[in-house]
There are 2 protein chains.
Amino acid sequence: MTYTDTDDSRTLPQTERTTHRRLREQGSTDRADLEAILDAGFVCHLGVMVDGAPVVVPTVYGRDERWLYVHGSVASRSLAADPGAAVCVTVTHVDGLVLARSVFEHGVNYRSAMVHGVPRTITDEAEKLEGLRRLTEHATPGQWTYARQPNRKELAATTLLALSLEEASVKIRSGAPDDGASADAELGLWAGTLPLNARWGAPTADPLLPTGITAPAHVVARAGTRHG
Amino acid sequence: MTYTDTDDSRTLPQTERTTHRRLREQGSTDRADLEAILDAGFVCHLGVMVDGAPVVVPTVYGRDERWLYVHGSVASRSLAADPGAAVCVTVTHVDGLVLARSVFEHGVNYRSAMVHGVPRTITDEAEKLEGLRRLTEHATPGQWTYARQPNRKELAATTLLALSLEEASVKIRSGAPDDGASADAELGLWAGTLPLNARWGAPTADPLLPTGITAPAHVVARAGTRHG
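What counts and how
- Residues numbered from 1 in each chain as written.
- Chains lettered and ligands numbered in written order.
- Predicted model: local features only at pLDDT ≥ 70, side-chain atom pairs only at ≥ 80, totals over all residues.
- Heavy atoms only, no water.
- Contact = heavy atoms within 4.5 Å.
- Buried area = accessible area lost by both parts, 1.4 Å probe.
- Salt bridge = Lys/Arg side-chain N within 4 Å of Asp/Glu carboxyl O.
- Polar contact = N/O pair within 3.5 Å; in protein donor to acceptor, adjacent residues only side chain to side chain.
- Helix = DSSP H or I, 4+ residues; strand = E, 2+ residues; numbered from the N terminus.
- Expected span 1.5 Å × (residues − 1).
- Buried < 20%, exposed > 50% of the residue type's maximum accessible area, 1.4 Å probe, protein only.
- Arc of directions from axis to C-beta.
- Least-squares fit on C-alpha atoms with pLDDT ≥ 70 in both.

**Things to note about the interface of chain A and chain B**
Contact residues are listed per partner, giving 87 residues for chain A and 87 residues for chain B. Summed over both sides, the interface between chain A and chain B buries roughly 6900 Å², with carbon and sulfur atoms accounting for 69% of that surface. Where chain A meets chain B, there are 4 salt bridges. Put simply, D184(A) and R148(B) hold a salt bridge, and the shortest N to O gap is 2.8 Å. The interface formed by chain A and chain B holds 25 residue pairs in polar contact (both at pLDDT 80 or more) in total.

**What to know about helix α3 (residues 125-139) of chain B**
An α-helical turn contains 3.6 residues, so any two residues separated by three or four positions project in the same direction. Residues and elements named next belong to chain B. Given a rise of 1.5 Å per residue, 15 residues ought to cover 21 Å, and the 21 Å separating the end C-alpha atoms of α3 matches this to within 8%. All of the buried residues in α3 are K128, G131, L132, L135, T136, H138 and A139. Viewed along the axis of α3, the buried residues span an arc of 160°, placing them on a single side of the element. The N-terminus of α3 is capped by D124, whose side-chain oxygen sits 3.2 Å from the backbone nitrogen of A126.

**A word on the pattern of salt bridges**
All names here are of chain A. The final tally for this structure, using the stated rule, is 24 salt bridges over all chains. Across the pair E125 and R152 runs a salt bridge, and its minimum N-O distance is 3.2 Å. Taken together, the positions of E125 in helix α3 (residues 125-139) and R152 in helix α5 (residues 152-156) put the pair 27 residues apart, joining distant regions of the chain. Since its relative accessible area comes to 38%, E125 is described here as partly exposed.

**Remarks on the relation of the copies chain A and chain B**
Each of the two chain copies can be generated from the other by rotation about an axis followed by a shift along it. Least-squares fitting of chain A to chain B yields an RMSD of 0.0 Å, with the transformation described by 0.0 Å of translation along the axis and a rotation of 180°. Taken together, the rotation angle and the small translation identify this as a two-fold axis. Minimal C-alpha separation from the rotation axis in chain A is found for A198(A), amounting to 2.0 Å. Comparing interface residues between copies, 100% of those in chain A also sit at the interface in chain B, which points to an isologous, same-surface contact.

Here you go:
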């Protein structure tokens, strides 16, 4: 893997894997875009090799400046077999459909981040606890201090991977279809986008919850807000 | 790959890859669940091997009874290098957060389908057209007959893969947290779920669209409806 030199630490390094080969206009090399995409979601798709074939599993993640923390047992099985095996973690937000005049120009508005590397299985107890804190707070800010934190037995039963955020790529597509100035514009067809919006609903109490226990403010406040 | 015999063609075959090893209660072997999950979305995550490492890319798909049709150039590059290489296609719908009393029992309500196999790159023109029709109608029902369909040049420039739906697995988690009857229930903490809902917004016209062209009924009708 050869990095192209960059002066700017906020520019994502261009490697053979991260250099955009097609739809170049959709690629971003701005680390801020990477972080924004990661921060807007909490479920990633983790690609690992299992018995010589790729397996893609959805799982949850969190991050700090340097590491992506990924919850996962499939990857740990794979890594146990080959500790030097690379993985790929992809986070995608679908923002809507791009409905062009021609089927060929149809597409999707989306933001996607892809992180490549060889992950570490976190074994240090303090690091695992901190990783789980990041992961929990990433999915539900405020929940780490509200809920009961993991005890040693639970910590030991949890598999947490750390993947460097160094080698990553970002793709973003937004806006109108691309055939508005093409010959197809003469067809007189409607063209535009159909946005897709994800929102948090109202909290639903566990049926086993005794009456009188109300949802905490950090959960209630999220209802109705945008996700993604 | 050894299939377990099943009498029922609507039961997903159990292979080494599809047999659920953990969280067994979340596995479904009902082909109707697979189809429902595939039909509820239009973006999948495709895992392919590129230069010995897994790469996971978001892309669009459609299906018929037997095949998943996947749009993709990354996979085709990989397949050109190794036509017998397996891929994994995963479709995930995130239904909400599971907020338990303990961090350890936190989770996600979701529906996920995973399809494994060696895809074919579709070369036959009629089959490619039919696959693209399925894919287009899958994302936006009504759009195939409304928009201009691909000409031969566009068809040749489009890479479409067909992946058998034979080997697939499904995982579903729904409902309340699992620690309502545990010792942690005594902590007096709120627990429940925070649902996540995706809805289509109102169609946004291409700024280049001449005035007087209104969005077609099949697009307008979708605004405000649930997705996923």
